[in-house]
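Here is how the chains run, residue by residue.
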Amino acid sequence: MNQLFQKAKAFISICYKELNKEEDIENRLKEIKTEIWETNHYTHTFTELEHGAKMAWRNANKCIGRLFWETLTVIDARDLRHEEDVFEALESHLRFATNNGKIRPAMTFFAPRKNGAAPVTLLNHQLIRYAGYEKEETVTGDPASVPFTKLCHSLGWQGEGTPFDVLPLVIKLEDGTVTWRELNEKDILRVPITHPDIPAIDELGLEWYAVPAISDMLVEIGGLEYPAVPFNGWYMGTEIGARNFADESRYHKLPAVAEKIGLDTSKASSLWKDRALVELNRAVLYSFQKNGVSIVDHHTAADQFKTFERREAEAGRPLTGKWSWLIPPVSPAATHIFHNEYNDEFVSPNFHYQKKIYDSEGKLI
């Protein structure tokens, strides 16, 4: 109980100072102390929740896009407990975030964990992600999604078997009920991948979704743990072009791109991987921009992070960051981040990874 109050006190003190409400700190802490004494829990006001969420984004060491932390929209879904209400809130989040391609950063908060119980659990890694169908030694779709796809199959969902089938939303309620719902296609903004001047790349038939909404991380604010908090910004192009499409453990498209371009893949010294990687990333950026969907290239993102660094220094806040995540996966040495060092200290409020509640075979644990 005392530990929870100390965490609440640390958060409230910073939060209220940043909101220019220092005169309210003492009374608010008295309220929280009483509530913790009576219930072993306390409840954030919406103002505290909203600013705490922004602080969590600001403190996220692995994120290069933190310059925009103050633009975050926080959606309060803490009172929702019923299946239909939870699904509708998730769909509403996507519609708000998508905004016809003008992506809006958003975070929806379901109820915090109380006495060890989570009223709502989200099983999806992201609200939108493609299925992965494993057959013998091959995978159609996204290999990273194979276990979750197996889980969805065990629950009764069946996809069409294409490389880009969007998985259903899957939730678990406090009574242990696990249920799913398919997203409405009109709520999924898909971007077909085409190249500005190499039409052969278009023949690969690639696409990606517009909104990267992480949904399986826990957000801790002032000692309270929120295990169900879908959160999105917008994509940096390399997340798609240099990782999702290029990683050997994902869609592994560099050999196919190289073939379409006519590159010599017989020896590594031809730098065919590098050339294919650049063209694939050009295609991603071009396609999103052509379709009016928010995206940022890694050089611009690095410049934005430099502005964030300066603003944090001006605010008197120590900067934290994880270098290995902040450097982009394409041409990192061409950014200032590569040449700097960052303190990877973990500061609250923040995001935390959680254990999945299903195994590699898609079985609930």
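By convention here, each chain's residues receive numbers from 1 onward along its written sequence. Local features in a predicted model are, by the rule used here, given only for residues with pLDDT of at least 70; side-chain atom pairs are given and counted only at 80 or more, and totals for whole chains, interfaces and linings are based on all residues. Only hydrogens and water are removed before side-chain values are computed, so all heavy atoms of the structure are retained for them.

**Student:** Honestly, the sheet that holds strand 12 (residues 224-226) in this entry has me stumped. Any pointers?
**Tutor:** Consider a sheet: its strands pair through backbone hydrogen bonds, and that pairing is either parallel or antiparallel. At least two DSSP bridges between two strands are required for those strands to pair. Runs of E in the DSSP output that reach at least two residues are strands. Runs of H or I that reach at least four are helices, and both are numbered from the N terminus. Read from one edge of the open sheet, 3 strands run 12-11-16, paired in antiparallel fashion. Two strands lie at the open edges of the sheet, namely strand 12 and strand 16 (350-352), each paired on one side alone. Adjacent strand axes in the sheet meet at a mean angle of 30°, parallel and antiparallel pairs treated alike. In this sheet, strand 16 lies alongside strand 11 (residues 218-221) in antiparallel orientation, the contact comprising 3 bridges. Among the inter-strand pairings, Leu-218 is bridged to a residue of strand 16, identified as His-352. Note on geometry: axes are C-alpha line fits, over the in-contact stretch for helices, and angles between N-to-C directions span 0 to 180 degrees.

**Student:** Would you explain the environment of Val-166 in this entry?
**Tutor:** By the secondary structure assignment, Val-166 is in the loop between helix 5 (146-154) and strand 6 (169-173). The exposure class assigned to Val-166 is buried, which follows from its relative accessible area of 12%. Distance in space between the C-alpha atoms of Val-166 and Trp-272 is 31 Å, their sequence separation being 106 residues. Note on exposure labels: buried denotes an accessible area under 20% of the residue type's maximum, exposed denotes more than 50%, and partly exposed covers the range between, all computed with a 1.4 Å probe on protein chains only.

**Student:** When you look at the pattern of salt bridges in this model, what are you seeing that I'm missing?
**Tutor:** Pairs can form between side chains of opposite charge whenever their charged atoms are close. Only one rule defines a salt bridge in this text: a Lys or Arg side-chain nitrogen within 4 Å of an Asp or Glu carboxyl oxygen. Throughout the structure, instances matching the rule amount to 25 salt bridges. Between Glu-26 and Lys-30 there is a salt bridge; the shortest N-O distance is 3.8 Å. Linking Glu-26 with Lys-30, this pair stays in helix 2 (residues 25-39), spanning 4 residues, or about one helical turn. For Glu-26, a relative accessible area of 56% gives the class exposed. Here Arg-317 and Glu-312 are joined by a salt bridge, their closest N and O atoms 2.8 Å apart. A relative accessible area of 23% places Arg-317 in the partly exposed class. Looking at Glu-312, the relative accessible area reads 5%, which means it is buried.

**Student:** Where do I start with helix 8 (residues 272-290) in this structure?
**Tutor:** Given 3.6 residues to a turn, an α-helix orients residues that are three or four positions apart in the same direction. Each helix should span, by expectation, one fewer than its residue count multiplied by 1.5 Å. The end-to-end C-alpha distance of helix 8 is 26 Å, a good match for the 27 Å that 19 residues give at a rise of 1.5 Å each. Within helix 8, burial applies to Trp-272, Ala-276, Leu-277, Glu-279, Leu-280, Asn-281, Ala-283, Val-284, Leu-285, Ser-287 and Phe-288. By definition in these notes, contact holds between two residues if any of their heavy atoms fall within 4.5 Å. Buried residues in helix 8 make contact with strand 8 (190-192), strand 9 (207-209), strand 14 (235-236), helix 6 (237-244), helix 7 (254-261) and strand 15 (295-296).

**Student:** What exactly am I supposed to notice about the side chain of His-93 here?
**Tutor:** As for its position among the elements, His-93 is in helix 4 (residues 83-98). Other than its neighbours up to four places away in sequence, His-93 contacts Ile-75, Ala-106, Met-107, Thr-108, Leu-127, Pro-230, Phe-231 and Asn-232.

**Student:** Any chance you could explain the nonpolar core here in plain terms?
**Tutor:** Most often, soluble globular proteins keep nonpolar side chains buried together rather than apart. Throughout this description, the term nonpolar core refers to a set of buried Ala, Val, Leu, Ile, Met, Phe, Trp, Tyr and Cys residues connected via side-chain atoms within 4.5 Å. Counting residues in hydrophobic clusters, the biggest one holds 55 residues, and the most contacted among them are Leu-90, Phe-110, Ile-193, Trp-208, Phe-245 and Phe-288. Going through the elements one at a time, helix 4, strand 3 (120-122), strand 6, strand 9, helix 6, helix 7 and helix 8 are the ones with two or more residues in this core. Not counting chain neighbours up to four residues away, the residues in contact with Phe-245 comprise Phe-164, Ile-193, Leu-206, Glu-207, Trp-208, Ile-240, Tyr-251, His-252, Lys-253, Leu-280 and Val-284. By size, the runner-up hydrophobic cluster in this structure holds 43 residues, among which are Leu-49, Ala-60, Val-74 and Phe-308.

**Student:** Explanation requested: helix 2 in the structure shown.
**Tutor:** For helix 2, built from 15 residues, the straight-helix expectation of 21 Å at 1.5 Å per residue is met to within 8% by its first-to-last C-alpha distance of 21 Å. Close packing links the buried residues of helix 2 with helix 1 (2-18) and helix 3 (46-58).

**Student:** Explain the packing of helix 7 against helix 8 to me, please; I cannot follow it from the model alone.
**Tutor:** For any two helices packed against each other, one specifies the crossing angle of their axes together with the interaxial distance. Packing of helix 7 against helix 8 leaves a shortest axis separation of 9 Å and a crossing angle of 90°. Here helix 7 lies roughly perpendicular to helix 8, going by the angle between them. Contacts between helix 7 and helix 8 involve Leu-254, Pro-255, Val-257, Ala-258 and Ile-261 on the former and, on the latter, Trp-272, Lys-273, Ala-276, Leu-277, Glu-279 and Leu-280. For the contact of helix 7 with helix 8, the class distribution of residues is 9 nonpolar, no polar and 2 charged. Oblique is the label for every angle not falling under 35 degrees (roughly parallel), over 145 degrees (roughly antiparallel), or within 65 to 115 degrees (roughly perpendicular). The residue classification treats Ala, Val, Leu, Ile, Met, Phe, Trp, Tyr, Cys and Pro as nonpolar and Asp, Glu, Lys and Arg as charged. All others, Gly included, are polar.

**Student:** I tried to follow the side chain of Arg-28 on my own but got confused; where do I start?
**Tutor:** Mapped onto the elements, Arg-28 comes out in helix 2. Two N or O atoms form a polar contact when they lie within 3.5 Å of each other; inside protein one atom must be a possible hydrogen donor and the other a possible acceptor, and for residues adjacent in sequence the pair counts only when both atoms belong to side chains. Within the local environment of Arg-28, its side chain forms a polar contact with the backbone oxygen of Thr-43, the two atoms lying 2.9 Å apart. Discounting chain neighbours no more than four positions away, the residues touching Arg-28 are Ile-12, Tyr-16, Tyr-42, Thr-43, His-44, Thr-45 and Glu-48.

Read these as spatial facts, not as claims about activity.
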